[in-house]
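The primary structure of each chain is shown beneath.
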Amino acid sequence: MTDSPLPRDTRALPDRWRDTLLAVRSGAAGPDPLPYAENLLARWDEPQRRYHTTAHLTAVLDRIDTLAGYAADVHAVRLAAWFHDAVYRPDRTENEERSAALAERALPEAEVGEAVTAEVARLVRLTVTHDPADGDRNGEVLCDADLAILAGSPQEYAAYAAQVREEYGFVPDEAFRAGRAAVLRQLLALPRLFRTPHGAAEWEARARHNLTTELELLGPSSDPQ
């Protein structure tokens, strides 16, 4: 593996938020970035989370750093990473929409301009499908960064899959296997999981192998009726 989806130190997250927010403001005055970071980090640290934690946020930001050269506005992509799972309830279906709405409320208050705020919200909503349009450079970077865990080592992927199962611990085994299998098939049906040149070259084959292996391990009960 040429690069690992595992994140670096999550303690650096407040500084990373501050640096991104100040870069987006382009020197303009605004409220202290730290309270916004604290609010977002408290969300990412909620007890119902097992995979969608600050470790996942850090991993996505790290992968955006890897892919930064492909983005049209890497600062907007980084802000979208912060918000993309800021609202996360495993028993709800509107998490992405609520996360985008949170960005639309918080970013103008933090003195982020209208155009960047709109782009961040659009990118957050794009993570419903992880299927950006051709030429959507920001969308390609965010979606590739978010899906990079699929290309982890067998041990990393197994840990990810186990954490996802823990988040859905309230779902009975048979129903979970069926639902998880549907998600895996949806991903495998995409013409490309990764849209950036780096993602396509470094992550695509390994991710498809991991997804196929998990689907097989789910067993016959996960076969579509």
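Student: For the environment of Arg43, give the residues involved together with the corresponding values.
Tutor: Positionally, Arg43 belongs in helix H2 (residues 33-44). On the accessibility criterion, Arg43 (23% relative accessible area) is partly exposed. With 107 residues separating them in the primary sequence, Arg43 and Leu150 have C-alpha atoms 24 Å apart. Setting aside its immediate chain neighbours within four residues, Arg43 contacts Arg49, Ala86, Val87 and Leu102.

Student: Outline the side chain of His56, supporting the account with residue identities and numerical values.
Tutor: Within the secondary structure, His56 is located in helix H3 (residues 54-67). Not counting residues within four places of it along the chain, the set of residues in contact with His56 comprises Trp44, Tyr51, His84, Asp85 and Asp146.

Student: So what about H3? Which residues, and what values?
Tutor: Compared with the 20 Å implied by 1.5 Å per residue over 14 residues, the 20 Å span of H3 between its first and last C-alpha is a close match. Taking burial as the measure, the 14 residues of H3 include 11 buried ones, the bulk of the element. Those residues of H3 that sit buried are Thr54, His56, Leu57, Thr58, Ala59, Val60, Leu61, Asp62, Arg63, Ile64 and Leu67. Buried residues in H3 make contact with helix H1 (13-25), H2, helix H4 (74-83), helix H7 (137-147) and helix H10 (197-202).

Conventions and cut-offs
Residues numbered from 1 in each chain as written. Predicted model: local features only at pLDDT ≥ 70, side-chain atom pairs only at ≥ 80, totals over all residues. Heavy atoms only, no water. Helix = DSSP H or I, 4+ residues; strand = E, 2+ residues; numbered from the N terminus. Buried < 20%, exposed > 50% of the residue type's maximum accessible area, 1.4 Å probe, protein only. Contact = heavy atoms within 4.5 Å. Expected span 1.5 Å × (residues − 1).

Without other data, these values stay purely geometric and don't point to any function.
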